[in-house]
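Chain and residue survey
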Amino acid sequence: MAIVFDEKSKVFFLTTSNTEYQMKINEYGMLLHTYYGSPVGKTDMSFLIKEVDRGFSGNTYEGRNRRGVSPDTLPLEYGTYGAGDFRVNAVGVILDNGSRTLDLRYKSHVVIEGKNELENLPYVRGEKDSVSTLEIILEDKTALIEASLIYSVFDKKDIITRSVVIKNVSDNPIRLTKAASMSVDLLHKKMDLIHFHGRHAMERQHERVSLTHDIHVVGSKRGTSSHHNNPFVILCDHDATENHGECYGFMLMYSGNHAEEIEVDQAGSIRVVSGIGSEGFSWLLNKNDSFVTPEVIMAYTDGGLNELSYLYHRIILENICPKEFRDVKRPVLINNWEGTYFSFNEKSILEIIDAAHDAGIEMFVLDDGWFGKRDDDNSGLGDWFVNDKKLPGGIKSIADHADSLGMKFGLWFEPEMVNEDSDLFRNHPDWALRDPDRAPVMGRNQLVLDMSRKEVVDYIYESMTKVIDSAKLSYIKWDYNRSMANIYSNALPADRQGETAHRFMLGTYDLLSRIRKNYPHIMIEGCSGGGGRFDAGMLFYSPQIWCSDNSEAINRLKIQKGTGYGYPISTMGAHVSASPNHQNGRVVPFRTRAIVAMSGTFGYELDPRKLTNDEKDEIKKEISIFNRYYDLIQRGRYYRISDEETEKYFTSWQFVSMDKKEALLSLVVTDVRANPEIPYVKLCGLDPYGEYEIDNIFSSVDDVPAEAGIMLKEEKVKATYSGNALMNGGLALDPLYGVYPSVQIHLKKV
Ligand code: GLA
């Protein structure tokens, strides 16, 4: 049983194959967090809590004579404001009488087999026999508010999800000012925080800091999960590495405003709170109304960061992404954005399709500019009907042309946006999110639609489906290209404006669900100016997300590596684009660009009409390599090999098939040196006693045979290496010279 409650000790045991999570109801009905970590047998871990009287940490009234028992020092499962806990709280309320105090105590609990579904929100899917769910209802008997803490335990996957439902059971309205999805107190740990910050075109940069006695907040107020701070944080031992040490992950499954707050308290315990960002948020709950928070996915391992990533990759692939695309090979695509931007017409698009087909590409995606009056990015958004001046045959003739060549076809939309210069805005100016009394903040000269309104969602749904129904579509690129400001709905009363941002997300999720439901065969690739909405919430609807508007391979090494800490390789949209690169002007060899893009969904983003025949042949070769290793890359285990120190010289990473019969090592030199060190690369995840041989080498070093850059060239055909030799000694590569040289080495078990 993954969930057990011991009546006598009042302890909840949540047990997975390799982790244990415990809570205890104390004598005052407070729900304490007593343990999260490696298995501990059946031991009640509450012995770890010591009663220490700390000055200015007060007591509950009934416990006033036991000064060592304070809401401010006890590890709590869901901290509240006003009841003596002065740390970061998980929930905030304003009662009808103005009081802000909330004091939640245990009321009841229930265990069910299977997994709860969240109302109107994405959630981790679960089969009945693989997950159990515990609901603990806490209540404030004075305020008459209940909070149901919901835990789903995926025992074989070492994952626990959490969400909360807050219900007003009083007769009076109350206002929520904060409603986090989880809070946890990790006792007396000294840990580092790893988080993924960034900016447009430089998303998910890895940053690791040692926690100090203050509150770190990782969050977004931009209306989306953002390029700037991903809703995924890791806490790990100071000495944890990729392959060793304790690590905790907390991933919020939400695409809007969020906050991950991490506080080291006076006694050295760490509190982690994760949920919808509370700045600008409020939610009115009338009698019997409930508020459902998004879900948080928690994971723990003592096996290092690569292992933690694996736990997230597996749950996302198997329980979050739409299952229709799990086991089918996705086509290698070409997108015309960097190839043409807005300058195209039917003739040029048909030529592009032909040229792409010549190069062996499997799907064509028509990006921005096909609709309304859209010749640049100042007009047309919202008018989802084809621009027949540019495309007289409509979307159909393009889709048909691709189809006639055996290629699939995809189309770009930006459903949640509107330009002032559009028919939609002229007809419905109040459908944009904007403060009626002031000029709006603009972003890319566009406004955000008020997706909190059902009529807006209905309208966009109808206009999208007209286009979708007009042609044979296999794919939609779903974009979102500005931060939200002036978050004000013209349809909500004044006292509900704090609900707008979350209601917007509910509307967007509703639109995504409707499209998914009615067109289950169409794959959605999420996008928000690249990876501005790269989160587990979007992955519930779209199994891949355009990772970044920065398609330059060397910058991409860091972007894709940062993304891979939480998200699987098959979710990362990655394309080979032209060189010099359009975002930073860097020149990188074709093959290095391909080796980097292959560690993603793989495609091209350039004008294939400009390719020479040799380049087309090269693309054919790259596609055949990618397709050959497709299962290994998309379904194998991914390991980061290089660390920050090594990466001053080169970056390397690796895939291993689940049966350990083959592996693929990639390495890109980012700082070529004269008289350099030998790149020693220790592999991961192989069968220690298996024997492996190098089966294929694919390298950018093309002025000499590809193999020439690899030491052991002579022996490569005959030599075999034990898994242990490759993992403990490593491969010794010859230094690679030239401009951003790279190599991809395929190993197979003999
Ligand atoms: C965003 C996307 C790009 C492209 C443009 C089109 O920036 O990330 O890939 O689709 O919009 O306007």
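Residues numbered from 1 in each chain as written. Predicted model: local features only at pLDDT ≥ 70, side-chain atom pairs only at ≥ 80, totals over all residues. Heavy atoms only, no water.

**Some remarks on the site of the ligand**
In the vicinity of the ligand, 13 residues are found, and the nearest of them are D367, D368, K477, G530 and D549. D368 has a polar side-chain atom sitting 2.6 Å from an oxygen atom of the ligand. Interatomic distance of 2.9 Å between a side-chain N/O atom of R444 and an oxygen atom of the ligand. Bound to the protein, the ligand loses 97% of the 310 Å² it would expose on its own. Per-class residue counts for the shell around the ligand are four nonpolar, three polar and six charged. (Near = heavy atom within 4 Å. Polar contact = N/O pair within 3.5 Å; in protein donor to acceptor, adjacent residues only side chain to side chain. Areas by Shrake-Rupley, 256 points an atom, 1.4 Å probe, with all protein chains shown as cover. Nonpolar A, V, L, I, M, F, W, Y, C, P; charged D, E, K, R; others polar.)

**Quick look at the pairing of strand β33 (residues 650-656)**
For β33, the buried fraction is high: seven of the seven residues fall into the buried class. Neither face of β33 is left uncovered, since the one carrying F650, S652, Q654 and V656 and the one carrying T651, W653 and F655 both have all their residues buried. Sheet topology note: the strand β32 (residues 637-640)/β33 ladder contains four bridges and is antiparallel. Bridged to R637 within β33 is V656. Bridge analysis of β33 against strand β34 (residues 662-669) gives seven bridges, and the strand direction is antiparallel. The residue bridging V656 from the neighbouring strand is A663, located in β34. Between the end of β33 and the start of β34, which pair antiparallel, lie five residues, with K660 showing a positive phi angle near 60°. (Buried < 20%, exposed > 50% of the residue type's maximum accessible area, 1.4 Å probe, protein only. Helix = DSSP H or I, 4+ residues; strand = E, 2+ residues; numbered from the N terminus. Pairing = 2+ DSSP bridges.)

**With respect to unusual backbone geometry**
Cis geometry marks the peptide bond from S579 to P580; its omega dihedral reads 0°. Position of P580 relative to the elements: it lies in the loop between β30 (575-577) and α10 (590-597). For F56, which is not a glycine, the phi torsion comes out positive at approximately 65°. Within the secondary structure layout, F56 lies in the loop between β4 (31-37) and β5 (91-94).

**So, the environment of S579**
Looking at where S579 falls in the secondary structure, it is placed in the loop between β30 and α10. S579 gets classed as partly exposed once you look at its relative accessible area, which sits at 29%. Apart from the residues lying within four places of it in its own chain, the contact partners of S579 are R586, V587, V588 and R593. Looking at S579, its side chain comes within polar contact range of the main-chain nitrogen of V588, at 3.2 Å. (Contact = heavy atoms within 4.5 Å.)

**What about the domain arrangement of the protein chain?**
Domain boundaries in the protein chain define domain 1 (3-319), domain 2 (323-632) and domain 3 (641-749). Here domain 1 and domain 3 have C-alpha centroids that lie 41 Å from each other. (Domains from an automatic or database assignment.)

**Description of the sheet that holds strand β23 (residues 408-413)**
Reading across from one edge, β29-β28-β27-β26-β23-β22-β21-β31-β30 is the order of the nine strands in this open sheet, with parallel pairing throughout. At either end of the open sheet lies a strand with only one pairing partner, and these are β29 (572-573) and β30. For strand β22 (residues 363-366) and β23, the ladder comprises four bridges, and the chain directions are parallel. Note that in β23 the partner of F364 across the bridge is F409. Its contacts with the sheet place helix α7 (residues 500-518) against β26 (475-478) and β27 (523-526), and it is angled at close to 170° to β26. (Axes fitted to C-alpha atoms, helices over the stretch in contact; angles between N-to-C directions.)

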